[in-house]
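Given next are the chains, with one letter for each unit.
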Protein chains: 2
Amino acid sequence: MFIAEASEKFDLSQDTLRYYERIGLIPRVNRTKSGIRDYTEEDCRWVEFIKCMRGVGLPVEVLIEYVGLFQQGDETKGARKDLLVEQRKELRSRMEDMKNVLERLDDKITRYEMTIAEREKTLHR
Amino acid sequence: MFIAEASEKFDLSQDTLRYYERIGLIPRVNRTKSGIRDYTEEDCRWVEFIKCMRGVGLPVEVLIEYVGLFQQGDETKGARKDLLVEQRKELRSRMEDMKNVLERLDDKITRYEMTIAEREKTLHR
DNA sequence: GTACTTCTTGGAGTTAACTCCAAGTCAAGC
DNA sequence: GCTTGACTTGGAGTTAACTCCAAGAAGTAC
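Since this is a predicted model, take the numbers as computed values, not measurements.

## A look at the domain arrangement of chain A
All names here are of chain A.
1) Next: In terms of domains, chain A is made up of domain 1 (1–71) and domain 2 (73–125).
2) Next: In this structure, domain 1 and domain 2 have C-alpha centres spaced 30 Å apart.
3) Next: Across the contact, 10 residues belong to domain 1 and 9 residues belong to domain 2.
4) Next: Between domain 1 and domain 2, a total of about 870 Å² is buried, with carbon and sulfur atoms accounting for 69% of that surface.
5) Next: Three residues stand out in domain 1 for area buried against domain 2, namely Leu58, Tyr66 and Leu69, and they jointly supply 54% of the buried area on that side.
6) Next: Across the contact surface, domain 1 and domain 2 share 0 salt bridges.
7) Next: Here domain 1 is connected to domain 2 by 4 residue pairs in polar contact (both at pLDDT 80 or more).

## A few points about the protein's contact with DNA strand C
1) Next: Taken together, the neighbourhood of DNA strand C is formed by 18 residues, with A:Asp15, A:Arg54, B:Arg18, B:Arg31 and B:Arg37 sitting nearest.
2) Next: At 2.8 Å, a side-chain N or O of A:Arg54 approaches a phosphate oxygen of DNA strand C.
3) Next: Measuring from a phosphate oxygen of DNA strand C, one finds a backbone N or O atom of B:Ala4 at 3.5 Å.
4) Next: Only helix 2 (14–22) of chain A together with helix 1 (3–10) and helix 2 (14–22) of chain B provide two or more residues apiece to the surface near DNA strand C.
5) Next: Ranked by the residues each element gives to the surface near DNA strand C, the list is headed by helix 2 of chain A, at 5 residues.
6) Next: Across the surface near DNA strand C, the residue classes tally to 7 nonpolar, 4 polar and 7 charged.

## Thoughts on unusual backbone geometry
Residue and element names in this part refer to chain A.
1) Next: Despite not being glycine, Asp11 shows a phi value in the positive range, around 50°.
2) Next: With respect to the helices, strands and loops of the structure, Asp11 is situated in the loop between helix 1 (3–10) and helix 2.
3) Next: Judged by its relative accessible area of 62%, Asp11 falls in the exposed class.

## With respect to the interface of chain B and chain A
1) Next: Contact residues are listed per partner, giving 35 residues for chain B and 35 residues for chain A.
2) Next: For the chain B and chain A pair, buried surface summed over both sides reaches about 3500 Å², with 74% attributable to carbon and sulfur atoms.
3) Next: Considering only the side of chain B, the residues that lose the most area to chain A are B:Met98, B:Arg104 and B:Tyr112, jointly responsible for 20% of the buried surface there.
4) Next: Applying the counting rule to chain B against chain A returns 6 salt bridges.
5) Next: With a closest N to O distance of 3.6 Å, B:Asp106 and A:Arg92 form a salt bridge.
6) Next: Of all the elements in the fold, those that place two or more residues in the side of chain B that touches chain A are helix 3 (41–55), helix 4 (60–71) and helix 5 (77–123) of chain B.
7) Next: Examining the composition of the side of chain B that touches chain A, we find that 26 residues originate from one element, helix 5 of chain B, more than from any other.

## What about the UniProt feature "coiled-coil region" (unreviewed entry) in chain A?
1) Next: The UniProt record marks residues 81–122 of chain A with the feature "coiled-coil region" (unreviewed entry), using the residue numbering of this structure.
2) Next: Between the end C-alpha atoms of residues 81–122 of chain A the distance is 61 Å, and the span holds 100% helix and 0% strand.

What counts, and at which threshold
- Residues numbered from 1 in each chain as written.
- Chains lettered and ligands numbered in written order.
- Predicted model: local features only at pLDDT ≥ 70, side-chain atom pairs only at ≥ 80, totals over all residues.
- Heavy atoms only, no water.
- Domains from an automatic or database assignment.
- Contact = heavy atoms within 4.5 Å.
- Buried area = accessible area lost by both parts, 1.4 Å probe.
- Salt bridge = Lys/Arg side-chain N within 4 Å of Asp/Glu carboxyl O.
- Polar contact = N/O pair within 3.5 Å; in protein donor to acceptor, adjacent residues only side chain to side chain.
- Near = heavy atom within 4 Å.
- Helix = DSSP H or I, 4+ residues; strand = E, 2+ residues; numbered from the N terminus.
- Nonpolar A, V, L, I, M, F, W, Y, C, P; charged D, E, K, R; others polar.
- Buried < 20%, exposed > 50% of the residue type's maximum accessible area, 1.4 Å probe, protein only.
- UniProt positions renumbered as here; feature names shortened; annotations may be inferred.

Okay, here's the thing in structure tokens:
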């Protein structure tokens, strides 16, 4: 799969795909003999994984480290696990914050709805 | 309350507080006769609200609009509600994404734990 | 009444994460 | 064998959201 197709498939610009590879956010992608990127199944799995993680805000820096550890082989499995555990903690904490804000928004919206309804009533009285 | 105290209280730098005010993310804060910011209760409520919303990623631009609408008076209550409803939708959608990623991380971590435990066993056999 | 500290403003600088661009290469169509 | 179009690279530019800075004023300690 060439870069145009991958770009479509993952809804990431070609520039973003190249950028991710450049900075080590995904491992180096396969090339044809003439140097053109030709994404393998595994390349695609990396892109999908990174897009997914970036989508919920895991920092590029952290993901670069993960990919780096991965490329160093089995010895780094412990470190990789620790990294994921830490990110999971962060994610949970952010979700907790969001849950609270969501409640607050629900509340605020309900109050707006009530005052607006109240005003309507008064107007038509 | 002067800016140093507000900065402490909300854990936002003085620069951030001034910046928020400058761009209209919070309404103009009260001044002493000599021009020094003196946060009232209401100013504080705004700061707290904005910090809270920014903390879960609501865009500055959107919050500026909300504050702007607020300052235009009761006529804008409908618009303010709509804005909050839209942001709630966004928030819910992001939380949904995060829930999925959380499951994925749980899975990945479990798998790491299993392979690491497996290797330990082999080593000590 | 002068030194010190804390504030003021407008504007410049920084950071993360892309996004765009110029110059060049290569395969395909005619 | 020349044009076209999709690709390559390294590097510059952009955006959102701060963060820092210089110059100056104002209250406080002595």
